[in-house]
Amino acid sequence: MLLPMYMKYYAIHPKSRCCGFLAYKVTLAPYMKGLVITSRGIEDTASKDIKEIINANCKICDGCVVFDLNNLEDLCSLCYKCQSVDRVMYLIGDFEFENFFEDFRRFFDKIEFDGWISEHKKFKVECIKAAAYEISSVDVERESAGLILKKNKNKKVDAKSYDIIFLVYIVDNKCYIGVDFSGFELNKRDYKIYLHPNSLRGTIAYALVREGGFEERDVMLDPFSRDGVIPIEAALYANDCPVNYYKKDSFAFLKLKIGIQFEKFFSDIDGKIKKTKTSIFGYDHLFKYVDYSRKNAKIAGVEKQINFSRVELDWLDIKFGKGDVAKIITSLPISKSANLDKIYTEFFYQCEYILRKNGTLALISRLPEYTQKHAEKHNFIISKEKGVWSGSQLLKIMIFKRKNI
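Residues numbered from 1 in each chain as written. Predicted model: local features only at pLDDT ≥ 70, side-chain atom pairs only at ≥ 80, totals over all residues. Heavy atoms only, no water.

### Quick look at empty space enclosed by the protein
Each pocket or cavity is described by its volume, and for the largest cavity that value is around 60 Å³. If you add up the space inside the second largest cavity, you get close to 60 Å³. What lines the second largest cavity is N198, S199, L200, D222, F224, S225, R226, D227, V229, I230 and S331. Residues belonging to the lining of the second largest cavity are distributed by class as follows: four nonpolar, four polar and three charged. (1 Å grid on protein atoms, 1.4 Å probe; cavity = no way out; pocket = protein on both sides within 12 Å on 5 of 7 lines; lining within 4 Å. Points joined across faces, edges and corners; volume = space filled by probe spheres on them. Nonpolar A, V, L, I, M, F, W, Y, C, P; charged D, E, K, R; others polar.)

### Brief notes about the sheet that holds strand β12 (residues 279-284)
The strand order β13-β12-β11-β14-β15-β17-β16 describes an open sheet built from seven strands, whose pairing is mixed. Across the chains shown, the open sheet's two edge strands, defined by having one partner strand only, are β13 (306-310) and β16 (380-390). The sheet shows a mean angle of 15 degrees between the axes of neighbouring strands, taken without regard to direction. Examined bridge by bridge, strand β15 (residues 355-365) and strand β17 (residues 393-402) share five bridges and lie antiparallel to one another. The partner of A362 across the bridge, within β17, is I399. Across the sheet, helix α6 (residues 202-211) is in contact with β14 (325-331), β15, β16 and β17; its angle to β16 comes to roughly 155 degrees. Each of β11 (219-222), β14, β15, β16 and β17 touches helix α11 (residues 340-354); the most contacted strand, β15, lies at about 150 degrees to it. (Pairing = 2+ DSSP bridges. Helix = DSSP H or I, 4+ residues; strand = E, 2+ residues; numbered from the N terminus. Axes fitted to C-alpha atoms, helices over the stretch in contact; angles between N-to-C directions. Contact = heavy atoms within 4.5 Å.)

### Notes on the environment of L340
Tracing the backbone shows L340 in helix α11. For L340 and V219, which are 121 residues apart along the polypeptide, the C-alpha to C-alpha distance reads 26 Å. Apart from the residues lying within four places of it in its own chain, the contact partners of L340 are P333, I334, S335, L367 and Y370.

### Some remarks on the pattern of salt bridges
Within the structure shown, the criterion is met by 26 salt bridges. The salt bridge partner of E143 is R105, with a shortest N-O separation of 2.6 Å. Here the residue E143 occupies a position in helix α5 (residues 137-151), and R105 occupies one in helix α3 (residues 100-110), the gap between them amounting to 38 residues. Judged by its relative accessible area of 36%, R105 falls in the partly exposed class. Two residues, D270 and K248, come together in a salt bridge whose shortest N-O distance is 3.1 Å. Pair noted here: D270 is in helix α8 (residues 262-270) and K248 is in the loop between α7 (229-238) and α8, with a separation of 22 residues, a long-range link. Put simply, R87, K124, E126, D180 and E185 are held in one network by salt bridges that share partners. (Salt bridge = Lys/Arg side-chain N within 4 Å of Asp/Glu carboxyl O. Buried < 20%, exposed > 50% of the residue type's maximum accessible area, 1.4 Å probe, protein only.)

### Description of the packing of aromatic side chains
A complete count under the given rule lists 36 aromatic pairs for this structure. Connected via pairs of aromatic rings, a cluster forms that spans Y80, F184, F251, F253, F262, F265 and F266. Sitting over the face of the ring of Y245, K248 holds its NZ or CZ atom 3.6 Å from the ring centroid. Looking at K255, its charged tip hangs above the ring of Y162, at a distance of 4.0 Å from the centre. (Phe/Tyr/Trp six-rings, centres within 6.5 Å; stacked < 30°, edge-to-face > 60°. Lys NZ or Arg CZ within 6 Å of the ring centre and 35° of its normal.)

### Quick look at unusual backbone geometry
Phi is positive for D172, close to 55 degrees, though the residue is something other than glycine. Within the secondary structure layout, D172 lies in the loop between β9 (164-171) and β10 (174-180). For D172, a relative accessible area of 40% gives the class partly exposed. The residue R226 is not glycine, and still its phi comes out positive at about 50 degrees. Mapped onto the elements, R226 comes out in the loop between β11 and α7.

### With respect to the layout of surface pockets
Reported here for the largest pocket is a volume of approximately 540 Å³. Lining the largest pocket we find 20 residues, and of these F224, H285, L313, P333 and I343 sit closest to its centre. Here the lining of the largest pocket gets three residues from one element, more than from any other, and that element is α11. The class makeup of the residues in the lining of the largest pocket is nine nonpolar, five polar and six charged.

### Quick look at the packing of helix α1 (residues 43-54) against α6
Between α1 and α6, whose axes approach to 10 Å, the crossing angle comes to 80 degrees. Looking at the two axes, α1 sits roughly perpendicular to α6. Here D44, T45, K48, D49 and E52 of α1 come into contact with α6, specifically with Y206, A207, R210 and E211. In terms of residue class, the contact of α1 with α6 is made up of two nonpolar, one polar and six charged. (Parallel < 35°, antiparallel > 145°, perpendicular 65-115°, else oblique.)

### Re the nonpolar core
What tends to happen in soluble globular proteins is that the nonpolar side chains get buried as a cluster. Counting 57 residues, the largest nonpolar core has Y90, F104, W116, F166, F181 and F253 as its most contacted members. Among the elements that line this core, the one with the most residues is helix α2 (residues 73-81), at five residues. The next biggest cluster of nonpolar side chains, apart from the first, holds 35 residues, and it includes Y191, Y206, I232 and I399. (Core = buried A, V, L, I, M, F, W, Y, C linked by side-chain atoms within 4.5 Å.)

### Concerning the side chain of D103
Mapped onto the elements of the fold, D103 is located in helix α3. Accessibility expressed as a relative area gives 1% for D103, which makes it buried. A polar atom in the side chain of D103 sits 2.8 Å from the side chain of R106. (Polar contact = N/O pair within 3.5 Å; in protein donor to acceptor, adjacent residues only side chain to side chain.)

### Section: α6
With 10 of 10 residues buried, α6 lies mostly within the body of the structure. Among the residues of α6, G202, T203, I204, A205, Y206, A207, L208, V209, R210 and E211 are the ones counted as buried. Summarising the contacts, the buried residues of α6 are in contact with α1, α7, β14, β15, β16 and β17.

So this is what it looks like as structure tokens:
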């Protein structure tokens, strides 16, 4: 079985001092590390997931989480099950940079791809950047491939028929390099076929569900369900259902020679899927989006776990009695053509009635100050808030509790 090591060492930067030079950190230790890339702002959710799925110690970084790794199968498990991550990789090393390509070449001179490169003839390099940089992803990929080939002349770069993907992740002034186990963007849900214009990314919807404290026995309501992504992510979590259940043939780790019997691997995880009877409700005022939600839930395999209906906002107190709902988790409307004052006033009025005394109201909003103003009129105060980035767009997760609780 292939079992390369994660190496930690110190390279020398000529511009600083440490015995005459500055030692810039590059992470020599005989243990393995993994890394997941995630949306900036939901790293703590990803860390929680990693601990729950593989019981690993985690270090939260900007736009990613680094964690201890007991075996390579753990990385496969995260690819298959984890709802909060974009990519999963085996971490070969990392470094901080001032002049990227100078430091990048110096870093490559120190590391070896033994084990990984010797076992796989054709490779591909991908570069992911967390934000806009003057550094070109194409230039990084070309430079990386050239440096690997310089050390391994009998290997070949092949972007289509590769055996292994080396992944370069750049965030702020930090660069991570490793072996990609996922092979595709894990935040892209295959169930999202019928889309609302303001649909949430699956990983962010899931993070909102977890921030709201949802558990499988809770009565949960999304009164603006749109295409159903929030209730679907909640149902997948409640039933311990792998989010990539229908993508078993797509993972990059299937091409790696790592000594895992993949048929048994998938079977063991699938055997733990629950058939929990949940009380998850998704409402929308338009039949079109109720239909979208039902179809997406069916594709996800959780249509029997969610109650989707066309319900107007002012009918919530007819559908639910006083204090019947434990968690209200939703993405609030932002349409300029709608009467937002009327909608927000009615929404918080209904929440004040149907939400349990110690219940939780978890919202994601592009209008946080406006949302808070309306919430306070109906006896709700913020207990937690955090910014989350969906691509280049900043959203705000806001958790409300009742006053005087």
